[in-house]
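What follows is the residue order along each chain.
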Amino acid sequence: KNRLAEDACTCVVVKDDAIYYARERGVKPLLTWLADGTDLQGFSAADKVVGKGAAFLYVLLKVRAVYAPVMSEAAIAVLREYGIELEYDIAVPAIFNRDRTGFCPMEQAVRDISQPAEALAAIRQRLAQL
């Protein structure tokens, strides 16, 4: 939590002495770690905003805990379903896009999805469309 605020990152994952930082927005860092095969099992994550799409990606990354200042209700449900510890400052019904003109594209992509692998495919497809 402290590193997220102090280091001006968008996402930080920590386990013992191992620390990974990201400054890219959205789910891109999570997708990169998945694609690279970065072993984050048992890590704790701090992320600026966690929606349902990011929650599914954290499930696939096998982190043990996720903190976010802002977390969607759907993300909370996903993390709880998969036994991932969670903490947030504000729960919101959904994550909005950066312009606040509608819902986040990743949130829309996984809205009706209930399985992490399906969510990953839907997120990748949506990113390809953007």
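Above: the structure in question.
Rules and cut-offs
- Residues numbered from 1 in each chain as written.
- Predicted model: local features only at pLDDT ≥ 70, side-chain atom pairs only at ≥ 80, totals over all residues.
- Heavy atoms only, no water.
- Phe/Tyr/Trp six-rings, centres within 6.5 Å; stacked < 30°, edge-to-face > 60°.
- Lys NZ or Arg CZ within 6 Å of the ring centre and 35° of its normal.
- Salt bridge = Lys/Arg side-chain N within 4 Å of Asp/Glu carboxyl O.
- Helix = DSSP H or I, 4+ residues; strand = E, 2+ residues; numbered from the N terminus.
- Buried < 20%, exposed > 50% of the residue type's maximum accessible area, 1.4 Å probe, protein only.
- Axes fitted to C-alpha atoms, helices over the stretch in contact; angles between N-to-C directions.
- Parallel < 35°, antiparallel > 145°, perpendicular 65-115°, else oblique.
- Left-handed = near helix turned anticlockwise from the far one by under 90°.
- Contact = heavy atoms within 4.5 Å.
- Nonpolar A, V, L, I, M, F, W, Y, C, P; charged D, E, K, R; others polar.
- Lys, Arg positive; Asp, Glu negative; His and termini not counted.
- Polar contact = N/O pair within 3.5 Å; in protein donor to acceptor, adjacent residues only side chain to side chain.

Following the criterion strictly, the structure yields three aromatic pairs and no others. Among the aromatic residues, those joined into a cluster by ring pairs are Tyr 20, Trp 33 and Phe 43. Against the face of Tyr 67 rests Lys 1, its NZ or CZ located 4.9 Å from the ring centre.

Let us look at the pattern of salt bridges. Evaluation of the coordinates by the stated rule reveals four salt bridges. We note a salt bridge from Glu 87 to Lys 1, for which the minimum N-O separation is 2.6 Å. Taken together, the residues Glu 87 in strand E6 (residues 85–92) and Lys 1 in the segment before helix H1 (2–6) connect sequence positions 86 residues apart. A relative accessible area of 51% means that Lys 1 is categorised as exposed.

Two elements in contact, helix H3 (residues 52–61) and helix H4 (residues 73–81), have axes separated by 7 Å at closest approach and are oriented at 20 degrees. Relative to H4, H3 is oriented roughly parallel. Taken as a pair, H3 and H4 cross one another with a handedness that is right-handed. Together, Lys 52, Ala 55, Phe 56, Tyr 58 and Val 59 of H3 and Ala 74, Ala 75, Val 78 and Leu 79 of H4 make up the contact between the two elements. The class makeup of the residues in the contact of H3 with H4 is eight nonpolar, no polar and one charged.

Now for the side chain of Lys 52. For Lys 52, the position within the fold is in helix H3. Of the side chains with opposite charge, Asp 112 lies nearest to the buried Lys 52, which makes no salt bridge, at 6.5 Å. Within the structure, Lys 52 has its side chain in polar contact with the backbone oxygen of Val 110 (distance 3.2 Å). Once you skip the residues sitting within four places of it in the chain, Lys 52 turns out to touch Ser 72, Ala 74, Ala 75, Val 78, Glu 107, Val 110, Arg 111, Asp 112 and Ile 113.

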